[in-house]
Amino acid sequence: MPDEVRREWFDKDYYQVLGVPKNASAAEIKKAYRKLAQQFHPDANPGNNDAEDRFKEVAAAYDVVGDEGTRSSYDQVREMSASGFGPGMSGPGARGAPAGPGAAGGWPGGFQAEVDLGDLLSGMFGGAARAGQRQARTQRGADLETDVRITFEEAMRGTTVPVRITGPATCRTCHGTGAAPGTSPVTCPRCGGAGQIAVNQGMFSMAQTCPRCRGNGMIVETPCPTCKGSGAERRTRSLNVKIPQGVKSGVTIKLAGRGEPGAAAAQPGDLYVRVSVEPDDVFGRRGDNLTVELPVSFAEAALGARVQVPTMNGPITLKVPSGTPTGKTFRLKGKGAPKKGGHGDLLVTVKVDVPQKLSRDEKRLLEELRETQKGSPRAKLGVA
């Protein structure tokens, strides 16, 4: 279990904030967060305070339900809240309070017991209900997305492409601390570096984000002149993205830690690079297999021939047996797209090329062939 249970968990429906159902998968939650973060990001809405507040709300929601351990604790707290437990209740064990939520505020059936809800939360979350045991959690940086387009050959062989990202980046003056050169952030005197403070709720205590340091646990007394204490500055970064060989169009490559910087030098977000592969004039693709259409003449198909077939590593010879029909597909093992542990296959489909124009000699020879042929190719259809 994570190290914190927050007061606002009782009131905030973070699934509703992200627009996902409670049983949403981790991938669905992440997708919803990234979409909303892009929509309401301050850079996309300059001067719009409502969008900035919405961005913070979305980030706070993802900070909770986007983490498997924290999400589990949050779900349990929400279930308790739905059952009547909450930061402002007078529950069992409170001095002078009814014994439980029965007819007179007591438990059904008149059951009475001394229960310390602080101990209950502590048992559920490994001490999470006690503010003195919490540690600060600074806000992780936002993830970024970008697109790159590469040729089919680059996708087959692998390549490195340059990417330019314009937006918040770690401040080059203070290196993300937010403090002016020669100074450093200091421990928050209000929370002692915990990032949270305990608020007495009568029978138990709940934690709230420290208003002095806003949950960072540290404060900047002398802000950096470049970033004004934020630890980030807006600039254009140039990155080289390595594209592995055999990459498929639509694949997303994750560059960990290359997204936006986190608050107060917290962990940065990630950069997601979507790859688009241009179609090729010669080759197609089916999974890890490549495809190619091979034109052959009528004589080559009828008599058989050895013909050249293009591959990604140069032409090779394919034996076309006599009587090969158009549409026949040959499989060349290991001549396809690169994949883990080897290569796919090359699927070669024969297409009998019918000439649009014939010379006098060609026409005469074909007429002689027609006269000597026995039977009709349409006989199986019951027609001549």
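Keep in mind it's a predicted model, so treat the numbers as computed, not measured.

1. Points about unusual backbone geometry
Here comes step 1: Positive phi values are uncommon outside glycine, yet His175 reaches one of about 60°.
Here comes step 2: Along the chain, His175 turns up in the loop between β2 (159–170) and β3 (186–187).
Here comes step 3: For His175, a relative accessible area of 62% puts it in the exposed group.
Here comes step 4: One non-glycine residue, Lys228, adopts positive backbone phi at about 60°.
Here comes step 5: Positionally, Lys228 belongs in the loop between β6 (218–219) and β7 (232–243).
Here comes step 6: Overall, the relative accessible area of 66% leaves Lys228 in the exposed class.

2. Description of the nonpolar core
If you look at soluble globular proteins, the nonpolar side chains tend to sit buried side by side.
Here comes step 1: If you look at the biggest cluster of nonpolar residues, it comprises 38 residues, and the most contacted ones within it are Ile150, Ile243, Val275, Val309, Leu318, Leu346 and Val348.
Here comes step 2: Each residue touching Val309, except ones within four places of it in the same chain, is listed here: Val292, Leu294, Gly314, Pro315, Ile316, Leu318, Leu332, Leu346 and Val348.
Here comes step 3: Residues Phe10, Ile29, Phe40 and Phe55 belong to the second largest nonpolar core, which totals 25 residues.

3. Here we look at the packing of aromatic side chains
Here comes step 1: Counting across every chain of the model gives five aromatic pairs.
Here comes step 2: Seen in terms of ring centroids, Trp9 and Tyr74 are 5.9 Å apart; in terms of plane orientation they differ by 90°. Their pairing is edge-to-face. With Trp9 in the segment before α1 (14–18) and Tyr74 in helix α4 (residues 68–82), this pair connects stretches of sequence that are 65 residues apart.
Here comes step 3: Since its relative accessible area comes to 0%, Tyr74 is described here as buried.
Here comes step 4: A connected cluster of aromatic rings, assembled from ring pairs, spans Trp9, Tyr14, Tyr15 and Tyr74.
Here comes step 5: The residue whose ring lies beneath Arg34 is Tyr272, and the NZ or CZ to ring-centre distance is 4.0 Å.

Criteria and thresholds
Residues numbered from 1 in each chain as written. Predicted model: local features only at pLDDT ≥ 70, side-chain atom pairs only at ≥ 80, totals over all residues. Heavy atoms only, no water. Helix = DSSP H or I, 4+ residues; strand = E, 2+ residues; numbered from the N terminus. Buried < 20%, exposed > 50% of the residue type's maximum accessible area, 1.4 Å probe, protein only. Core = buried A, V, L, I, M, F, W, Y, C linked by side-chain atoms within 4.5 Å. Contact = heavy atoms within 4.5 Å. Phe/Tyr/Trp six-rings, centres within 6.5 Å; stacked < 30°, edge-to-face > 60°. Lys NZ or Arg CZ within 6 Å of the ring centre and 35° of its normal.

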